[in-house]
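Listed here are the chains, written in short residue letters.
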Amino acid sequence: MPPPDRASAFASAPLADLFSILLRQLKRPLATHALPLTDADANRIAAALAQREAFTEAPALVTALAALAEESASVLRGMGLAFEQSLDTLMTDISGWQTTAEFLDIANEKTNAELRISLSGALLLALGDRRWGAALLHVAAGDYDDETAIARRTLAFAAGIAPDAPDFHAVLTRWLRG
């Protein structure tokens, strides 16, 4: 049996499930920003997000997610890359390594930073914070597997449009500016 297509699952999962997965994936980094979450917390917050309901941790979550995304962007800037540029840059085009171990360390840092920005930005959008919206629109328009599906779903949710709308990019570009 072939492995499940995660991007397809992210594209069709109930929003509460999607948001819960994102929160649980960020549990450890969020804890370093004074926001420890249990799986039950993640599920409760995700359900509230999907229903557009208030929850007590929202301000702390916005602060922690924003800090996490900015830290990750700083890691990429240290490599001479902006987030969108990093997504399209092959590891062989990045300098600063001489050994295989150094290459793997830098590749891991780059990948983790990109993932944390994508997931944090998606959750920030779900919380009504658009600061990473343009970056997520780049991800949604690209071919970045799971991250593309997550970005499309979250942007569509935040803007109140269908993820498969024919004018998705144009509508979201206008929405992000407005």
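Residues numbered from 1 in each chain as written. Predicted model: local features only at pLDDT ≥ 70, side-chain atom pairs only at ≥ 80, totals over all residues. Heavy atoms only, no water.

### Structural notes on the overall build of the protein
- Within the protein one finds 10 helices and 0 strands.
- Overall, the protein shows an N-to-C arrangement of helices and strands of α-α-α-α-α-α-α-α-α-α.
- Expected size for 178 residues packed as a compact globule is a radius of gyration near 16 Å; at 16 Å, the protein falls within 12% of this value.
- Counting only C-alpha atoms and orienting by the principal axes, one finds that the protein spans roughly 50 × 45 × 40 Å.
- Across the 178 residues in the protein, those meeting the buried criterion constitute 43%.
- Put simply, of all contacts in the protein between residues at least 6 apart along the chain, 62% involve residues at least 24 apart.
- Accessible area for the protein stands at about 9300 Å²; split by element, carbon and sulfur atoms hold 54% of it.
- For the protein, the distance from the average position of its 15 positive side-chain charges to the average position of its 22 negative side-chain charges is 6 Å. (Helix = DSSP H or I, 4+ residues; strand = E, 2+ residues; numbered from the N terminus. Rg over C-alpha atoms; globule rule 2.2 N^0.38 Å. Buried < 20%, exposed > 50% of the residue type's maximum accessible area, 1.4 Å probe, protein only. Contact = heavy atoms within 4.5 Å. Areas by Shrake-Rupley, 256 points an atom, 1.4 Å probe, with all protein chains shown as cover. Lys, Arg positive; Asp, Glu negative; His and termini not counted. Charge placed at Lys NZ, Arg CZ, Asp CG, Glu CD.)

### Things to note about the packing of helix α5 (residues 58-78) against helix α7 (residues 100-126)
- Taken N-terminus to C-terminus, the directions of α5 and α7 make an angle of 150 degrees; their axes are 8 Å apart at the nearest point. The pairing of α5 with α7 is recorded here as roughly antiparallel in orientation. The two elements α5 and α7 cross, and the hand of that crossing is left-handed. Contacts from V62, L65, A66, L68, A69, S72, A73, V75 and L76 of α5 reach α7 at E109, K110, A113, E114, R116, I117, S120, L123 and L124.
- In terms of residue class, the contact of α5 with α7 is built from 12 nonpolar, 2 polar and 4 charged. (Axes fitted to C-alpha atoms, helices over the stretch in contact; angles between N-to-C directions. Parallel < 35°, antiparallel > 145°, perpendicular 65-115°, else oblique. Left-handed = near helix turned anticlockwise from the far one by under 90°. Nonpolar A, V, L, I, M, F, W, Y, C, P; charged D, E, K, R; others polar.)

### Comments concerning the pattern of salt bridges
- Applying the stated criterion across every chain, the model contains 6 salt bridges.
- K27 is the partner of D39 in a salt bridge, and the nearest nitrogen-oxygen pair spans 2.9 Å. With D39 in helix α4 (residues 39-50) and K27 in helix α3 (residues 27-31), the pair connects residues that are 12 residues apart, well separated along the chain.
- Its salt-bridge partner being D129, residue R131 comes within 2.5 Å of it at the nearest N-O pair.
- Relative accessible area serves as the criterion here: at 15%, D129 is assigned to the buried category.
- Three or more residues are tied together by salt bridges with common partners; here these are D41, R44 and E57. (Salt bridge = Lys/Arg side-chain N within 4 Å of Asp/Glu carboxyl O.)

### Quick word on helix α8 (residues 133-141)
- Taken residue by residue, α8 has G133, A135, L136, L137, V139 and A140 as its buried positions.
- Buried-residue contacts for α8 involve α6 (83-87), α7, α9 (146-159) and α10 (168-177).

### Examining the packing of aromatic side chains
- According to the stated counting rule, one finds 3 aromatic pairs in the structure shown.
- On the basis of an interplanar angle of 70 degrees and a centroid distance of 5.4 Å, the ring pair of F19 and F157 is categorised as edge-to-face. In this pair, F19 sits in helix α2 (residues 15-25) while F157 sits in helix α9, placing the two residues 138 residues apart along the sequence. Taken as a pair, F19 and F157 share a single burial class, namely buried.
- Between F83 and W132, the ring centres sit 6.3 Å apart and the planes meet at 85 degrees, which makes this aromatic pair edge-to-face. Remark: W132 occurs in the loop between α7 and α8 and F83 occurs in helix α6; sequence separation between them is 49 residues. Grouping residues by exposure puts F83 and W132 together as buried.
- R52 extends its terminal NZ or CZ atom over the ring of F157, reaching a point 3.8 Å from the ring centre. (Phe/Tyr/Trp six-rings, centres within 6.5 Å; stacked < 30°, edge-to-face > 60°. Lys NZ or Arg CZ within 6 Å of the ring centre and 35° of its normal.)

### Looking at the environment of D129
- For D129, the position within the fold is in the loop between α7 and α8.
- In this structure the C-alpha to C-alpha distance between D129 and L76, which are 53 residues apart in sequence, comes to 22 Å.
- Not counting residues up to four positions away in its chain, the partners in contact with D129 are V62 and L124.
- Within the local environment of D129, its side chain forms a polar contact with the side chain of R131, the two groups lying 2.5 Å apart. (Polar contact = N/O pair within 3.5 Å; in protein donor to acceptor, adjacent residues only side chain to side chain.)

### Some details on the nonpolar core
- Core analysis: the largest hydrophobic core is formed by 51 residues, its most contacted members being F19, L23 and L30.
- Of all the secondary-structure elements, those providing two or more residues to this core are α2, α4, α5, α6, α7, α8, α9 and α10.
- If one sorts the elements of this core by residue count, α5 sits on top with 9 residues.
- Residues contacting L30, with those up to four places away along its chain left out, are L23, L35, L37, L61, A64 and L65. (Core = buried A, V, L, I, M, F, W, Y, C linked by side-chain atoms within 4.5 Å.)

Everything listed here is a matter of coordinates, which is why it stays silent on function.
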